[in-house]
Amino acid sequence: MAYLTREQLEAVGFKKLGINVKVSDKASIYNPELIELGDHSRIDDFCMISGKVSIGQFVHIAPQCLLAGGEKGITMDDFSGLAYQVQVFTQSDDYTGRTLTNPNIPSKYKKEIKRSTSLGRHVIVGAGSIIFPGVEVKEGCSVGAMTLVSKSTQPWGIYVGNPARRVKERKKDLLTLEAEFLKEIENDPIQ
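Residues numbered from 1 in each chain as written. Predicted model: local features only at pLDDT ≥ 70, side-chain atom pairs only at ≥ 80, totals over all residues. Heavy atoms only, no water.

Undergrad: Explain the side chain of Ser 80 here, please?
TA: Assignment of secondary structure puts Ser 80 in the loop between strand 10 (74-76) and strand 11 (81-82). The exposure class of Ser 80 is buried, given its relative accessible area of 3%. (Helix = DSSP H or I, 4+ residues; strand = E, 2+ residues; numbered from the N terminus. Buried < 20%, exposed > 50% of the residue type's maximum accessible area, 1.4 Å probe, protein only.)

If you want it as structure tokens, here you go:
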């Protein structure tokens, strides 16, 4: 995978650009002036990032993911990650048939849902999952592959299915590892 150089990243015009950020030269970035990339974050091949998006530190977005931040925005907190082909949305048309749909129709004929979406610290989302507008995936949650998350979660749970349901608690051992890791890089920073 080829990543943009620091000089190329700066030329994109991100709202915020942390240190040691990697963005694939095959990723599609729209509205970079609305996008914040935290230290040590990585966006892989064939991802599409658009609209208002804030990515924390040590965040990984695997190939073929879509983050459609729109006006309301997506926030990914530190140490969160998306596996292959995850889609995160902040807006959607009304599919009931009461209104017209699609971006070619004036707003007075549609009823779009527009809500911010967030993924908390240490959230991991499995391949092919979809996160709907307005959902808050709370700290420490693990979302299994092919899961449809249409409602906000509670912290430190493992969620699977369509619709997503909590099947068990997620262990918090990784918090100890995070503390060790942060202490280690404080003494020997990653550049």
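Undergrad: Would you explain the side chain of Thr 90 in this entry?
TA: Considering the arrangement of structural elements, one finds Thr 90 in the loop between strand 12 (87-89) and strand 13 (91-92). Relative accessible area serves as the criterion here: at 0%, Thr 90 is assigned to the buried category. Side-chain polar atoms of Thr 90 contact the backbone oxygen of Ala 68, separated by 3.0 Å. Once residues lying within four places of it in the same chain are set aside, the contact partners of Thr 90 are Ala 68, Gly 69, Gly 70, Gly 73, Ile 74, Ile 113, Lys 114, Arg 115, Thr 117 and Pro 133. (Polar contact = N/O pair within 3.5 Å; in protein donor to acceptor, adjacent residues only side chain to side chain. Contact = heavy atoms within 4.5 Å.)

Undergrad: What exactly am I supposed to notice about the pattern of salt bridges here?
TA: One side chain can pair with another of opposite charge once the charged atoms of both are near each other. One pass over the full model with this rule turns up eleven salt bridges. Here Glu 10 ties to Arg 6 by a salt bridge, and the two come within 3.1 Å at their closest N and O atoms. With Glu 10 and Arg 6 both in helix 1 (residues 6-12), this residue pair falls four residues apart, about one helical turn. Residue Arg 6 is classed as partly exposed on the basis of its relative accessible area of 36%. Salt-bridge contacts for Arg 166 lead to Glu 169; the nearest nitrogen and oxygen are separated by 2.9 Å. In this structure Glu 169 comes out as exposed when scored by relative accessible area, which is 54%. Among the charged side chains, a network of salt bridges with common partners joins Glu 71, Lys 110, Glu 112 and Lys 114. (Salt bridge = Lys/Arg side-chain N within 4 Å of Asp/Glu carboxyl O.)

Undergrad: Could you clarify how one ought to interpret the packing of aromatic side chains in this entry?
TA: In this description, an aromatic ring pair is defined by two values, namely the gap between the centres and the angle between the planes. Considering all chains together, one arrives at three aromatic pairs under this definition. For the pair Phe 58 and Phe 79, a centre-to-centre distance of 5.3 Å together with 10 degrees between the ring planes defines the contact as stacked. With Phe 58 in the loop between strand 7 (53-55) and strand 8 (60-61) and Phe 79 in the loop between strand 10 and strand 11, the pair connects residues that are 21 residues apart, well separated along the chain. For Phe 58, a relative accessible area of 18% corresponds to the buried category. Residues Phe 58 and Phe 181 carry aromatic rings whose centres are separated by 5.0 Å and whose planes lie at 80 degrees to one another, so their mutual orientation is edge-to-face. One end of the pair, Phe 58, is in the loop between strand 7 and strand 8; the other, Phe 181, is in helix 2 (residues 173-187), with 123 residues separating them in the sequence. Judged by its relative accessible area of 27%, Phe 181 falls in the partly exposed class. (Phe/Tyr/Trp six-rings, centres within 6.5 Å; stacked < 30°, edge-to-face > 60°.)

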